[in-house]
Amino acid sequence: MTVQELPGAGASHRVTPPPAWRPRTEAAPLLPDPEPYRVLGTAAAEHLDPALMRRYYAELVRGRRYNAQATALTRQGRLAVYPSTVGQEAAEIAAALVLEEQDWLFPSYRDTLAAVARGLDPVQALTLLRGDWHTGYDPREHRIAPLCTPLATQLPHAVGVAHAARLRGDEVVALAMVGDGGTSEGDFHEALNFAAVWQAPVVFLVQNNGFAISVPLAKQTAAPTLAHKAVGYGMPGRLVDGNDVAALHEVLSEAVERARAGGGPTLIEAVTYRMEAHTNADDATRYRSDSEVEAWKAHDPVELLQRELTGRGWLDESGVQEAREAAEAMAADLRERMNAEPVLNPMDLFAHVYAEQTGRLREQAAILRAELEAEDDA
């Protein structure tokens, strides 16, 4: 209520525009469904594209093997750390496959599999986690932003790229990935607000895997779902089964095309589960039970799709074997190349800090160069 509308205000006060509290957008169309959207195991599955689903199956099998091999590399000392996505492969791969070549993917530190599914060399995807480089790949080659270790800081970057593309008239969509823990960061809220106000062509994919390291979702938010947060910013929220790759493909594809057509951003919550520990440095048994993990294994994304495809006669044993053999070949190649000792130049520390080195950096580089030359002389 404005001052002019208060009881007792004189008739001399002119009528004002509607109060600022009136909604700019109808809330109902923005609200997510009460239950996660599913396709596999429902009548909708009969309308799936068999060829597309077989491709997804092969990628899921490869993704599961990639996770296993990367985890083994940490135990062998070849990786400093690895945040596994076992159980989350469907969301990882769908995020990569729904994008066009000109689009941008903004991953978090856990999303190496999404980057690999988009075409990034698996060794390059793991270089950051090996401790060799800050990134390990050229972001422009596959339009994959650097793997982001600080929580949610990649989200405003995604909005900036998407908004800039729209101003240029480029049909570019940015898909930004974040975990449930990242939704508690200020960057998450700032990114969603800017995206909605600017109607930027960006899709936010939240992989709700149950825990922010050891903190369960119930201790992070009292919202009905994370997807409900979308309505507060004026964008649609979608709730989807994060282990159902067919449902993910449909929901993500719709959001990407909506963004490309000028419809603005979408917030998607994929309800999934982190089957393994937060990283190899984490002991998940301290905050969750084995029975909880076992219950989620019955909803394994690889098994869900394989059961659907074999049940419909779209995948036979030879197809299953072919996918496994391709995954093993990828793992063998990754293992061989990661076991090779990297050749590193310490002077690269100064190569990509600024376009033109500052005086202080030049001094530091000169000190290191002198030390290295002294070691060589010795």
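Right above here is the structure, for reference.
The rules behind these values
Residues numbered from 1 in each chain as written. Predicted model: local features only at pLDDT ≥ 70, side-chain atom pairs only at ≥ 80, totals over all residues. Heavy atoms only, no water. Helix = DSSP H or I, 4+ residues; strand = E, 2+ residues; numbered from the N terminus. Expected span 1.5 Å × (residues − 1). Buried < 20%, exposed > 50% of the residue type's maximum accessible area, 1.4 Å probe, protein only. Arc of directions from axis to C-beta. Contact = heavy atoms within 4.5 Å. 1 Å grid on protein atoms, 1.4 Å probe; cavity = no way out; pocket = protein on both sides within 12 Å on 5 of 7 lines; lining within 4 Å. Points joined across faces, edges and corners; volume = space filled by probe spheres on them. Nonpolar A, V, L, I, M, F, W, Y, C, P; charged D, E, K, R; others polar. Axes fitted to C-alpha atoms, helices over the stretch in contact; angles between N-to-C directions. Parallel < 35°, antiparallel > 145°, perpendicular 65-115°, else oblique. Left-handed = near helix turned anticlockwise from the far one by under 90°. Phe/Tyr/Trp six-rings, centres within 6.5 Å; stacked < 30°, edge-to-face > 60°. Pairing = 2+ DSSP bridges. Salt bridge = Lys/Arg side-chain N within 4 Å of Asp/Glu carboxyl O. Patch = residues over 30% accessible without salt bridge, like charges linked within 9 Å, V, L, I, M, F, W, Y side chains within 5 Å. Areas by Shrake-Rupley, 256 points an atom, 1.4 Å probe, with all protein chains shown as cover. Lys, Arg positive; Asp, Glu negative; His and termini not counted. Charge placed at Lys NZ, Arg CZ, Asp CG, Glu CD.

Caption draft 1: Broad picture of helix α7 (residues 186-198). For α7, spanning 13 residues, the distance from its first C-alpha to its last is 18 Å, which sits close to the expected 18 Å at 1.5 Å a residue. For α7, the full list of buried residues reads Phe188, Ala191, Leu192, Ala195 and Ala196. When α7 is viewed along its axis, its buried side chains cluster within an angular range of 120 degrees and face the same direction. Residues of α7 that are buried sit in contact with α6 (154-168), β3 (202-208) and β7 (266-271).

Caption draft 2: Layout of the layout of surface pockets. If you add up the space inside the largest pocket, you get close to 540 Å³. Together, 15 residues line the largest pocket, and Asp132, Trp133, His134, Asp348 and His352 are the ones closest to its centre. Split into classes, the residues belonging to the lining of the largest pocket amount to six nonpolar, six polar and three charged.

Caption draft 3: View of the packing of helix α1 (residues 50-75) against helix α10 (residues 301-311). Two numbers describe how α1 lies on α10: the axes approach to 10 Å, and their chain directions differ by 150 degrees. Classified by the angle their axes make, α1 and α10 are roughly antiparallel. In this structure, α1 meets α10 at a crossing whose hand is left-handed. Of the residues in α10, those touching α1 at Met53, Arg54, Tyr56, Tyr57, Leu60, Val61 and Arg64 are Pro301, Val302, Leu305, Gln306 and Leu309. Among the residues making up the contact of α1 with α10, the classes are represented as nine nonpolar, one polar and two charged.

Caption draft 4: Highlighting the packing of aromatic side chains. Under the definition given, this model contains six aromatic pairs. Seen from their ring centres, Phe211 and Tyr273 are 6.4 Å apart, and the 75 degrees between their planes marks the pair as edge-to-face. Linking Phe211 in strand β4 (residues 211-212) with Tyr273 in the loop between β7 and α9 (290-297), this pair joins segments that are 62 residues apart in sequence. Relative accessible area serves as the criterion here: at 9%, Phe211 is assigned to the buried category. For Tyr273, a relative accessible area of 3% corresponds to the buried category. On the basis of an interplanar angle of 10 degrees and a centroid distance of 5.1 Å, the ring pair of Tyr273 and Trp296 is categorised as stacked. On the criterion of sequence distance, the pair formed by Tyr273 in the loop between β7 and α9 and Trp296 in helix α9 is long-range, its members being 23 residues apart.

Caption draft 5: Spatial organisation of the sheet that holds strand β2 (residues 174-179). As summarised here, the arrangement of the five strands in space is β1-β2-β3-β7-β6, forming an open sheet in which the pairing is parallel. Among the strands making up the open sheet, the edge pair consists of β1 (104-106) and β6 (237-241). Along the sheet, successive strands turn relative to each other by an average axial angle of 20 degrees, direction set aside. In this structure, β6 lies alongside β7, joined through five bridges in parallel fashion.

Caption draft 6: Region of interest: the pattern of salt bridges. This structure, assessed with the given rule, holds 17 salt bridges. The closest approach of N and O atoms between Arg65 and Glu328, which form a salt bridge, is 2.8 Å. Of this pair, Arg65 sits in helix α1 while Glu328 sits in helix α11 (residues 317-338), and the two are 263 residues apart along the sequence. A relative accessible area of 41% means that Glu328 is categorised as partly exposed. Here Glu363 and Arg360 are joined by a salt bridge, their closest N and O atoms 3.0 Å apart. Taken together, the positions of Glu363 and Arg360, both in helix α12 (residues 359-377) and three residues apart, correspond to about one turn of that helix. Its relative accessible area of 52% is what places Arg360 among the exposed residues. Linked by salt bridges that have partners in common, Arg64, Glu89 and Asp300 make up one network.

Caption draft 7: Highlighting a negative patch on the surface. Together, Glu371, Glu373, Glu375, Asp376 and Asp377 line one region of the surface with negative charge. You can see Glu371 is positioned in helix α12. Under the relative-accessibility criterion, Glu371 is labelled partly exposed at 46%.

Caption draft 8: Representation of the pairing of β2 within the structure. Most of β2 is tucked away: five of the six residues are buried. Alignment of β1 against β2, held across three bridges, turns out to be parallel. Each residue of the ladder has a partner; that of Trp104, found in β2, is Ala174. Here β2 pairs with β3 via six bridges, running parallel. Bridging across to β3, Gly179 finds its partner in Gln207.

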